[in-house]
Structures are given as C-alpha cells and as structure tokens.
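Analysis of the macromolecular model
Here is how the chains run, residue by residue.
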Amino acid sequence: MIKIDTDNLPRHIAVIMDGNGRWAQKHTIGRIRGHRKGAHAVRTIVRACREIGIKYLTLFAFSVENWDRPPKEVQALMFLLEEYLRKELAELQEQEIRLTTIGDIDRLNPSVKEKLLHVKESTLKNDKMILNLALSYGAKDEIVYAVKKIMEDNKKGRIDIDELDKETFSKYLFTAGMPDPDLLIRTSGEYRISNFLLWQLAYTELYFTKVLWPDFKKDDLFKAIASYQKRERRFGLTSEQLKERNSQK
Ligand code: FPP
C-alpha cells in the first residue's frame, strides 16, 4: 500500500472519471457495462476519500457535451445515476456525507432530478465530507451564467461593477462557498481539462494516470495523493518566499 501523509491531505479533490468506454472495449463488452463498472469505482473512491478525511470530492459525472452521445448511452448513464442515488443514500447518511451538485440539473429527466433533490435535501446537514457531482456541467456555461447573474444584480443595484473582484465573482459560480480543488485527477491517459472547473483549477495540482476509471482503486488514489504531497505549491511565489512564510506559521 502506498504511504500518504494524513497531515497534508488535499482539502478538495476533483476527478475527471475517464475511460469507461475503453475499459468495456478491452473486456469486449458493451460501453454501458463499462459505465456500470465505473459506478462501482465511484463507490470505492467515495468511501476511500471519506475514510482518510478528504473534505470535498467533486466528480465529473456528466458533461453538457455528453448530452450529444447516443440516446441509449445517455439513458443508461441517467439510469446508473438514479440507481446510485437510490442505493447510496443510506451509506451517505451513515458516513455523514453531504451530496451537492454543480451544473444545470434542470436538464435531467424529472425522476432523476427528483431523486437528486431528495438526496441533496436529506443529506443537507451532513458535514464530514461533501460529495459534489458535476451533472450536465460545463465550465464555460458556468462562467457565462455567472456573468449574466452579475449583470442582472448590477441592474437591480445589488452589485457595483467597480467593486467586482475575484472573490465576488467566485460567489456567482456553482461552486460558491467551496474551496478550489487542490488536486485534479484525470484517468485513462488523456491530458485535457475538457471544460471542467476552468476558473477553479487556476492553481490546482494536476495528476494524470493511464489507469482507466473502472480500474481506479484506493491504491491509485493514494498514488495521486502521494504525488500531490511531493509537489511544492508556490502560487506564483519563489521557493524562498514560501519557506519564509511556512517558518512564520
Ligand atoms: C467517461 O468515460 C465517463 C463518463 C462520460 C461518465 C462517468 C460516469 C460514471 C463513472 C458512472 C455513473 C456515475 C455515477 C455518479 C453513479 P468515457 O465513456 O468517455 O470513456 P471512453 O473515453 O473510454 O469512451
């Protein structure tokens, strides 16, 4: 088992869960069964993050672009999401995990949306970890939506454009109130951000692995965290400035 330092964990981990289709192809089964295996990996990783004390876990479960996949695949992904919500509510409660979402959930079919709202509402007070699902999510849409809301609020006299800064802007994003991710993991050997959290990833450490999402296990998560822990996060400063800052803490 890979060793990690539990005193230096990323507070927020974001994951682009990629490779379900290739996993299915490799095992000569249909793509949908690949997604089903991917849903199992979600369970494993949520449990592992909760166990070690990760506070925020954001999973890219369905992008705005994914609506253009074949209708059968979209339907299957919605079914898997609904099944996940139905089967996992008890565990989320037991583990005191709160479910939140980012993205345009109004586009989801009414029964999935209803389940989602029910699980969000039921887990509202849980505070050990936040499981944040990105559903019908696109970062460019999120930014445009924020700009529109800011303009509306400006018209209503609620916000003065001269006072608009990074902090205020962040409050208009779906992730309002959440810290930016410290670590982004993307599986399946692709080196892209794919319209995920474009604003929030500005200073995130990026970790890419060839492991396909359905094969991603606790040990792979630990490898990603161990890699994160070896890095020096300078946020634009020099190494010396950082050392000085840390010695003053
Ligand atoms: C990418 O694999 C994965 C997705 C588009 C969906 C992610 C969904 C799950 C992990 C399962 C359901 C989720 C929950 C929360 C229960 P891909 O199909 O793009 O893989 P490929 O690039 O190899 O074709």
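Just so you know, these numbers come straight off a predicted model, no measurement behind them.

**A closer look at the packing of helix α3 (residues 71-94) against helix α4 (residues 110-122)**
Two quantities define a packed helix pair, namely the angle between the axes and the distance from one axis to the other. At their nearest, the axes of α3 and α4 sit 10 Å apart, and the two run at 20 degrees to each other. Looking at the two axes, α3 sits roughly parallel to α4. Remark: the crossing between α3 and α4 carries left-handed chirality. Seen from α3, the contacting residues are Met 78, Leu 81, Glu 82, Leu 85, Arg 86, Leu 89, Leu 92 and Gln 93; seen from α4, they are Ser 111, Val 112, Lys 115, Leu 116, His 118, Val 119 and Ser 122. Taken together, the residues of the contact of α3 with α4 break down into eight nonpolar, four polar and three charged.

**Some words on the pattern of salt bridges**
Summed over all chains, the structure comprises 20 salt bridges. The salt bridge involving Lys 128 is made with Glu 96; its shortest N-O contact spans 3.7 Å. Of this pair, Lys 128 sits in the loop between α4 and β4 (129-137) while Glu 96 sits in the loop between α3 and β3 (97-102), and the two are 32 residues apart along the sequence. The exposure class assigned to Lys 128 is partly exposed, which follows from its relative accessible area of 33%. In this structure, the salt-bridge partner of Glu 232 is Arg 234, at a minimum N-O distance of 2.9 Å. Using a relative accessible area of 35% as the deciding quantity, one classes Glu 232 as partly exposed. Its relative accessible area of 40% is what places Arg 234 among the partly exposed residues. By sharing partners, the salt bridges in this structure join Asp 18, Arg 22, Arg 186, Glu 190 and Arg 192 into a single network.

**Focus: helix α7 (residues 218-229)**
Think of an α-helix as 3.6 residues a turn; residues three or four steps apart then line up on the same face. The end-to-end C-alpha distance of α7 is 16 Å, a good match for the 16 Å that 12 residues give at a rise of 1.5 Å each. Counting buried positions along α7 yields nine of 12 residues, so the element is predominantly enclosed. Residues of α7 that are buried: Asp 220, Leu 221, Phe 222, Ala 224, Ile 225, Ala 226, Ser 227, Tyr 228 and Gln 229. The elements touched by buried residues of α7 are β1 (12-16), α2 (31-52), β5 (183-186) and β6 (205-208).

**Some words on the layout of surface pockets**
What the largest pocket holds in volume is close to 670 Å³. In this structure, the largest pocket is lined by 30 residues; those nearest its centre are Met 17, Asn 20, Phe 60, Ala 61 and Phe 62. Looking at the lining of the largest pocket, the elements that each hand over two or more residues are α1 (20-26), α2, β2 (56-63), α3 and β4. Taken together, the residues that form the lining of the largest pocket break down as 16 nonpolar, eight polar and six charged. In this model, the second largest pocket occupies a volume close to 490 Å³. In terms of lining, the second largest pocket is formed by 18 residues, of which the most central are Lys 166, Glu 167, Ser 170, Asp 180 and Trp 199. Across the lining of the second largest pocket, the residue classes break down as eight nonpolar, five polar and five charged.

Definitions and limits used
Residues numbered from 1 in each chain as written. Predicted model: local features only at pLDDT ≥ 70, side-chain atom pairs only at ≥ 80, totals over all residues. Heavy atoms only, no water. Axes fitted to C-alpha atoms, helices over the stretch in contact; angles between N-to-C directions. Helix = DSSP H or I, 4+ residues; strand = E, 2+ residues; numbered from the N terminus. Parallel < 35°, antiparallel > 145°, perpendicular 65-115°, else oblique. Left-handed = near helix turned anticlockwise from the far one by under 90°. Contact = heavy atoms within 4.5 Å. Nonpolar A, V, L, I, M, F, W, Y, C, P; charged D, E, K, R; others polar. Salt bridge = Lys/Arg side-chain N within 4 Å of Asp/Glu carboxyl O. Buried < 20%, exposed > 50% of the residue type's maximum accessible area, 1.4 Å probe, protein only. Expected span 1.5 Å × (residues − 1). 1 Å grid on protein atoms, 1.4 Å probe; cavity = no way out; pocket = protein on both sides within 12 Å on 5 of 7 lines; lining within 4 Å. Points joined across faces, edges and corners; volume = space filled by probe spheres on them.

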